[in-house]
Amino acid sequence: MRAHLFYHSRGTPHFIFRSLFFPHLFHGVFTTNGGVSKGPWRSLNVSFNVGDGSQNVLENRQRIKEAFGVSRLVSANQVHGNNILFISQQPSSDVEEQGYDAIISAAKGVAFMIQQADCQAVFLYDPVRHAAGIIHAGWRGSVQNIIGDTVRAMKENLGVKPANLYAAVSPSLGPCCAEFINYQKELPQMFKKYRVRENNFDFWSISRDQLVNASVKPEKIDIAGICNLCNPDFYSFRREGITGRFASVIGLY
Ligand SMILES: [Zn+2]
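This write-up is about the structure you can find in this document.

## A short note on helix α1 (residues 54–68)
- Its 15 residues place the ends of α1 22 Å apart at the C-alpha level, agreeing with the 21 Å of an ideal helix rising 1.5 Å per residue.
- Within the sequence span of α1, burial applies to Val57, Asn60, Arg61, Ile64, Lys65 and Phe68. Along the long axis of α1, the arc covered by the buried residues comes to 145 degrees, so they all point the same way. Facing away from the buried side of α1 by more than 90 degrees, the exposed set consists of Gln55 and Glu66.
- As for α1, its buried residues are in contact with β2 (14–17), β3 (25–30), β4 (72–77), β6 (95–98), β8 (110–116) and β13 (246–252).
- Looking one or two residues past α1, Gly69 carries a phi angle of roughly 70 degrees, positive in sign.

## Remarks on the coordination of the zinc ion
- Distances from the zinc ion to its protein donors, namely Cys176 (SG), Cys177 (SG), Cys227 (SG) and Cys230 (SG), fall within the range 2.2 to 2.3 Å.
- Taken together, the 4 donor atoms coordinating the zinc ion and their angles of 103 to 113 degrees define a geometry best described as tetrahedral.
- For Cys176, a relative accessible area of 36% gives the class partly exposed.
- Cys230 sits in the exposed class, given a relative accessible area of 51%.

## A closer look at the sheet that holds β2
- Pairing is mixed across the open sheet formed by 7 strands, whose spatial order is β1-β2-β3-β13-β8-β4-β6. Every other strand in the sheet has two partners, leaving β1 (5–8) and β6 as the edge strands with one partner each. For this sheet, the mean inter-axis angle between neighbouring strands, taken without regard to orientation, is 25 degrees.
- Pairing of β3 with β13, which is carried by 5 bridges, proceeds in the antiparallel orientation. For Phe26, the partnering residue across the bridge sits in β13 and is Gly251.
- Against the sheet, α1 makes contact with β2, β3, β4, β6, β8 and β13, and its axis sits at roughly 140 degrees relative to β3, the strand it touches most.

Criteria and thresholds
- Residue positions within a chain follow its written sequence, with the count starting from 1.
- Residue-level local features of this predicted model are given only where pLDDT is at least 70; pairs of side-chain atoms are given and counted only at 80 or more, and the full residue set underlies all totals for whole chains, interfaces and linings.
- Water and hydrogen atoms were dropped before computing side-chain values, which therefore reflect all heavy atoms in the structure.
- Numbering of helices and strands runs from the N terminus; a helix is a DSSP stretch of H or I covering at least four residues, while a strand is a stretch of E covering at least two.
- Working rule for helices: expected span equals 1.5 Å times residues minus one.
- Burial status follows relative accessibility: with a 1.4 Å probe on protein chains alone, a residue under 20% of its type maximum counts as buried, one over 50% as exposed, and anything between as partly exposed.
- Throughout, the arc means that of the directions going from the helix axis to the C-beta atoms.
- Any pair of residues with heavy atoms lying within 4.5 Å of one another is described as a contacting pair.
- Each metal site lists N, O and S donors within 2.8 Å (3.2 Å for Na, K and Ca). With water left out of the atoms, a site can look as if it is missing ligands.
- By the criteria applied here, four donors are tetrahedral when all angles lie between 85 and 135 degrees, four are square planar and six octahedral when opposite donors are over 155 degrees apart and every other angle lies between 65 and 115, and any other arrangement is irregular.
- Paired strands, as defined in this entry, are two strands with at least two bridges between them according to DSSP.
- Axis angles are defined between N-to-C directions and span 0 to 180 degrees, where every axis is a line fitted to C-alpha atoms and, for a helix, only to the segment in contact.

This is the structure we're talking about:
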């Protein structure tokens, strides 16, 4: 499916996927714009771990909650692993859990957030079970197939049938910029077919295929097709070094 992204410019600006327009579901990919951070983090940095002041980050996160009218935000302090955080009910305060790279839940009124600056956020939604998931997938996550693990976890914990899932891949490093000069050491042999130039790989197609292998229907998969390194509206670690993290968020009402 071809991506249809809309730019939502009122309040704190963010992109939304037309393929994820469902009642009682909210989601968005935020940009560098609309926050209070200064310098290399200007302005909507959502990470506490990149040198920005924590008061700025708290205010930026507050604006993201306000964009959806929810009072709780759950994030993962991501480690490029494949641990999946299952949230069974709305927490009494905001939570950032250490050591997870995906969040799944059917709890309402909570913004589930992934922080990124080159890596992908993969959105998952099952309208039958009204359950959501969001994945942080960098190349290490792709190698470990965290996408497949998360779909399985939604099946086991939330009764989701993969064929009912809708999936979307956020702006992230495109084949234009996903250069891996050490790919022979870092990437498995099976990724070779995704090589588009000498050292460049198409991680969007890797994610699509991992979703299909996890029994998500191809027609329900949406790829934003926006490279964050080519587009200054998104932070890029590869482009900037010291920089912020942008937010991808999903949640249920
Ligand atoms: Zn690019």
